[in-house]
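Residue-level structure breakdown
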Amino acid sequence: MNKTSPAHDSQVPRRGRAVARPPGRVEVTQLRNQAFAVFVRDHELTVDQPAEAGGDNEGPTPVELFVASLASCVAYYAGRFLQRHHLPYERLRVKADFTMADDRPARVASVRMRVLLPVELNPDQQQALRAVVGHCTVHNTLRQPPEVTVELG
């Protein structure tokens, strides 16, 4: 197991030992080539690029995780709706298809999500569910983008 670490930070967690982090913090450290370990609270996952893009395909790409974040947020809100209304939710699924923009800057151009419900809803329930999934935090963040700063050192 390759345990590379950044040159300037001896506090970065090593692969295989996820370290608890406070809410609101994510840490990322390079593993090898284009693969990175991502630490979120006491969870660890790997992001990488596919082989055809120069990576080793050890995990999803950051863009795929971005879309997965949106889809899983919608799934969470849909699941909570079904639970609150005492409806079956165990086989709830969300499928997300996305396209990349053809121009610069590089970005996701569109995301199409399908909420696949384990139960049929009447029109009033469908409207209510649409309103509830419209409260997804990730989707709201895209509607009102946060200020993002990048500092060095």
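None of the values given here were measured: they were computed from a predicted structure. (Residues numbered from 1 in each chain as written. Predicted model: local features only at pLDDT ≥ 70, side-chain atom pairs only at ≥ 80, totals over all residues. Heavy atoms only, no water.)

All of the buried residues in helix α2 (residues 123-133) are Leu 129, Val 132 and Val 133. Taken end-on, α2 shows its buried residues confined to a sector of 90°, consistent with a single buried face. Turned more than 90 degrees off the buried face of α2, the exposed positions are Pro 123, Asp 124, Gln 127 and Arg 130. Where α2 is buried, its residues touch α1 (62-84). For α2, the capping residue at the N-terminal end is Asn 122, with a side-chain oxygen 3.0 Å from the backbone nitrogen of Asp 124. (Buried < 20%, exposed > 50% of the residue type's maximum accessible area, 1.4 Å probe, protein only. Helix = DSSP H or I, 4+ residues; strand = E, 2+ residues; numbered from the N terminus. Arc of directions from axis to C-beta. Contact = heavy atoms within 4.5 Å. Polar contact = N/O pair within 3.5 Å; in protein donor to acceptor, adjacent residues only side chain to side chain.)

Ala 78, Phe 81, Leu 82, Leu 121, Leu 129, Val 133 and Cys 136 are the most contacted members of the largest nonpolar core, which totals 13 residues. For this core, the secondary-structure elements that each account for two or more residues are α1 and α2. Looking at which element gives the most residues to this core, the answer is α1, with 6 residues. When neighbours within four sequence positions are excluded, Val 133 is seen to be in contact with Val 74, Tyr 77 and Ala 78. (Core = buried A, V, L, I, M, F, W, Y, C linked by side-chain atoms within 4.5 Å.)

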